[in-house]
Amino acid sequence: MKKWLIALAGVLLTFTLAGCGSKTVASTSGGKITESQYYSSMKGTSSGKQVLQQMILNKVLEKDYGSKVSTKQVTKQYNTYKSQYGSSFSTVLSQNGLTTKTFKEQLRSNLLLKEAVKDKVKITDKALKKQWKSYEPKVTVQHILVAKSATADKVLDALKKDSSQANFAKLAKKYSTDTTTKNDGGKLSAFDNTDTTHTSKFLTAAFKLKNGEYTTSAVKTSDGYEIIRMIKNPGKGKMSDHTADLKKQIWDNDMSDSTVLQSVVSKVLKGGNVSIKDSDLKDILSSYLSTSSSSSSN
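Only a predicted model underlies this, so the values are computations on that prediction, with no experimental measurement involved.

## Remarks on the overall build of the protein chain
So, step 1. Within the protein chain, the regular secondary structure consists of twelve helices and five strands.
So, step 2. Across its three principal axes, the protein chain shows a C-alpha extent of roughly 80 × 55 × 30 Å.
So, step 3. Across the 298 residues of the protein chain, 40% fall into the buried class.
So, step 4. Intrachain contacts of the protein chain at a sequence separation of at least 6 include 70% that bridge at least 24 residues.

Here's what the structure looks like:
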C-alpha cells in the first residue's frame with residue numbers, strides 16, 4: 001500500500017469546530033449536548049487544538065496563495081492518486097476517514113503550503129549545487145525481470161546478437177515476470193532521480209546507460225534479476241539548463257522537512273494578523289509564533 005504523500009502542518013482533520021451556541025448537536029435519554037458544550041470539550045483536547053491550528057493556517061494560506069492554486073491542479077493531483085490506487089481507492093479513502101470532498105480539501109491545503117514554501121524559502125547557489133550532484137533528468141527504459149540468474153544469462157546471450165528495441169521487446173514478452181510491462185516491450189514510465197518506485201541499484205544502473213545501451217550483466221534486486229535497456233536518456237547537460245527542475249526538487253524535499261515547514265508556517269502566521277479571541281486558546285500558536293529560525297535552503 002502506497003503511503004499518503006501529504007505533508008501538512010497539523011493533523012489535517014477536516015471537520016469544523018462548532019461555534020458557541022445553544023443549538024443541539026445530539027440528544028440522549030440523559031440530556032442534550034449543545035454546540036457550546038461540544039466546543040468547550042473539543043478546545044481542551046490536543047486534537048481539537050490541532051484542528052484549530054490547521055483552520056487558522058488554511059485561512060491565511062488561502063488569502064495569500066489561493067489565486068495560485070486552481071481547481072484544475074487539485075483535480076489533477078486527485079486523479080493521480082485515484083489512478084495509483086485503482087479499484088481500492090474508495091476503500092483507502094474510507095480507511096483514512098476521508099471522502100472525495102475532504103481529500104480534495106487536504107490536497108488543496110498541501111498545494112497552498114507548497115506555494116508558501118516556494119515563496120518563503122530562499123534557494124541558495126550552494127543548495128542548487130548540492131541538488132545537482134544527485135540530479136538526473138527523466139529517462140525512459142525498458143526492462144526484463146526474471147527470477148533466476150540462469151534465465152538472465154539466456155536473455156543476455158540473445159541481446160549480444162541483437163540488442164534492438166524490437167528484439168528486447170520480444171524477449172520481455174517471452175521471459176519477463178513483470179506482467180504489467182512484458183506485453184509492452186518491458187517499457188516503464190519515465191523517471192528521474194526522485195523516483196521511489198525502483199530500487200537504488202536499479203536507478204544507478206539505468207542512469208549510466210546511453211540511448212540504445214543495456215546492462216551487460218543482470219542487476220540483482222529484491223525483485224529478482226533485472227536487465228535494463230535505455231530508450232531515451234537526454235543526458236545531464238549543464239546545471240544552468242536545469243535550474244527550474246533543481247528548484248522543484250528542493251521544494252519537494254522541503255515539503256517533507258519538518259524544520260523547514262515549521263519556519264515557513266511561522267512566517268505565514270506572523271504575517272497573517274491572527275488574533276485569538278478565546279482566552280483559553282491564546283497560546284495555541286505559540287510554538288509557531290515564537291520561532292525565528294531561517295527557512296533558507298542551503
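## Here's the deal with the packing of helix H2 (residues 46-65) against helix H11 (residues 258-270)
So, step 1. Interaxial distance between H2 and H11 falls to 10 Å at its minimum, and their mutual angle equals 75 degrees. With respect to H11, the axis of H2 lies roughly perpendicular. In this structure, H2 contributes Ile56, Leu57, Val60, Leu61 and Asp64 to the contact, and H11 contributes Val265, Val268 and Leu269.
So, step 2. The class makeup of the residues in the contact of H2 with H11 is seven nonpolar, no polar and one charged.

## Description of unusual backbone geometry
So, step 1. Unlike most non-glycine residues, Asn273 shows phi in positive territory, near 55 degrees.
So, step 2. Structurally, Asn273 can be placed in the loop between H11 and helix H12 (286-289).
So, step 3. The exposure class of Asn273 is exposed, given its relative accessible area of 74%.

## Notes on the nonpolar core
So, step 1. Residues Leu61, Phe89, Phe103, Val117, Val264, Val268 and Leu269 are the most contacted members of the largest nonpolar core, which totals 43 residues.
So, step 2. Taken together, the elements giving at least two residues each to this core come down to H2, helix H3 (71-85), helix H4 (89-95), helix H5 (100-120), helix H6 (125-134), helix H10 (243-254) and H11.
So, step 3. For this core, the leading source of residues is H5, giving seven residues.
So, step 4. In contact with Val268, other than residues within four places in its own chain, are Leu57, Val60, Leu61, Asp64, Ala116 and Lys120.
So, step 5. If you look at the next biggest cluster of nonpolar residues, it comprises 13 residues, including Val141, Phe191, Phe207 and Ile228.

## A few points about the sheet that holds strand S3 (residues 140-146)
Working definition: the strands of a sheet are paired by backbone hydrogen bonds and lie parallel or antiparallel to each other.
So, step 1. Taken in spatial order, the three strands of this open sheet run S3-S5-S4, and their pairing is antiparallel. The open sheet has two edge strands with one neighbour each: S3 and strand S4 (219-221). Neighbouring strand axes in the sheet, compared pairwise and without regard to direction, differ in orientation by 40 degrees on average.

Parameters at a glance
- Residues numbered from 1 in each chain as written.
- Predicted model: local features only at pLDDT ≥ 70, side-chain atom pairs only at ≥ 80, totals over all residues.
- Heavy atoms only, no water.
- Helix = DSSP H or I, 4+ residues; strand = E, 2+ residues; numbered from the N terminus.
- Buried < 20%, exposed > 50% of the residue type's maximum accessible area, 1.4 Å probe, protein only.
- Contact = heavy atoms within 4.5 Å.
- Axes fitted to C-alpha atoms, helices over the stretch in contact; angles between N-to-C directions.
- Parallel < 35°, antiparallel > 145°, perpendicular 65-115°, else oblique.
- Nonpolar A, V, L, I, M, F, W, Y, C, P; charged D, E, K, R; others polar.
- Core = buried A, V, L, I, M, F, W, Y, C linked by side-chain atoms within 4.5 Å.
- Pairing = 2+ DSSP bridges.

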